[in-house]
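# Working through the structure, step by step
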Amino acid sequence: MDNGASSYRRFLGGDESGIVEIIRDYKDGLILYLNGYVKNIHIAEEIMEDVFVKLVVKKPRFSEKFSFKTWLYTIAGNAAIDWFRRNSRWTDTPIEELEDILADENDLEHEYLKEEQKIMLHRAMGNIREEYRTVLYLSFFEDLPNAEIAAVMKKSRRQIENLIYRGKQSLKSELEKEGFVYEEL
């Protein structure tokens, strides 16, 4: 069963936590999706808010024909089209201001994607052997040289080098299971 669908059904039944879960689970993805349409992260955020307001106020009927996410993103796409219809006239905005807005959007999107990478990396590290997790943590996050890692883990430098290599391979395998390749491995 689609988690968003059950949350929405709970919300329609009077449980306010259902809409909170939907917003938490889908807001970031919707913003990036809408930004692809409108090419402005701030406008994308406004449209995303409008989509959730529509869910709360109008409570549209959800058909089980598609997944909840597909249904929600369809509503968002239609909201973006409506936004274009309402704002079809271009304003005279200085080019410098447009360049600043575009730079802000790119920075925000880059930071979001970078944060998502970190989350996936930490989740994947939780799925590898403890010995690999420890050596990779000390090497990459604490930036310790192999000699110091060897002292901490009471192993030889050669053993640490082997553990780092095997840990990277194990982590890479875990990340690939999720369809993700971390750039720094």
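Residues numbered from 1 in each chain as written. Predicted model: local features only at pLDDT ≥ 70, side-chain atom pairs only at ≥ 80, totals over all residues. Heavy atoms only, no water.

To continue, consider the overall build of the protein. Scanning the protein from terminus to terminus reveals 8 helices and 0 strands. Scored against the burial criterion, the 185 residues of the protein give a buried share of 32%. Carbon together with sulfur atoms contributes 51% to the accessible area of the protein, which is approximately 12300 Å² in total. (Helix = DSSP H or I, 4+ residues; strand = E, 2+ residues; numbered from the N terminus. Buried < 20%, exposed > 50% of the residue type's maximum accessible area, 1.4 Å probe, protein only. Areas by Shrake-Rupley, 256 points an atom, 1.4 Å probe, with all protein chains shown as cover.)

Inspection of the secondary structure puts Glu 174 in helix 8 (residues 157–177). Looking at Glu 174, the relative accessible area reads 14%, which means it is buried. Apart from residues no more than four positions distant in its own chain, Glu 174 is found in contact with Ala 124, Asn 127 and Ile 128. (Contact = heavy atoms within 4.5 Å.)

Ranked by internal contacts, the top residues of the largest apolar core, which has 28 residues, are Tyr 8, Ile 22, Ile 47, Phe 52, Leu 55, Phe 68 and Leu 72. Taken together, the elements giving at least two residues each to this core come down to helix 1 (3–12), helix 2 (17–38), helix 3 (41–57) and helix 4 (68–86). Considering each element in turn, this core owes the most residues, 9 residues, to helix 4. In this structure, Ile 47 is in contact with Leu 34, Val 38, Ala 76, Ala 79, Ala 80 and Trp 83, ignoring residues within four places of it in sequence. Residues Tyr 132, Leu 138, Ile 149 and Ile 160 belong to the second largest nonpolar core, which totals 16 residues. (Core = buried A, V, L, I, M, F, W, Y, C linked by side-chain atoms within 4.5 Å.)

Moving on to the environment of Ser 156. Turning to its location among the elements, Ser 156 is positioned in the loop between helix 7 (146–153) and helix 8. Spatially, the C-alpha atom of Ser 156 lies 9.1 Å from that of Asn 146, the residues being 10 residues apart in sequence.

With that settled, the discussion passes to the pattern of salt bridges. The final tally for this structure, using the stated rule, is 9 salt bridges. Its salt-bridge partner being Glu 21, residue Arg 10 comes within 2.8 Å of it at the nearest N-O pair. Separated by 11 residues along the polypeptide, Arg 10 in helix 1 and Glu 21 in helix 2 bring together distant segments of the chain. Judged by relative accessible area, Arg 10 falls into the partly exposed class, the value being 30%. The network of salt bridges with shared partners includes Arg 10, Asp 15 and Glu 21. (Salt bridge = Lys/Arg side-chain N within 4 Å of Asp/Glu carboxyl O.)

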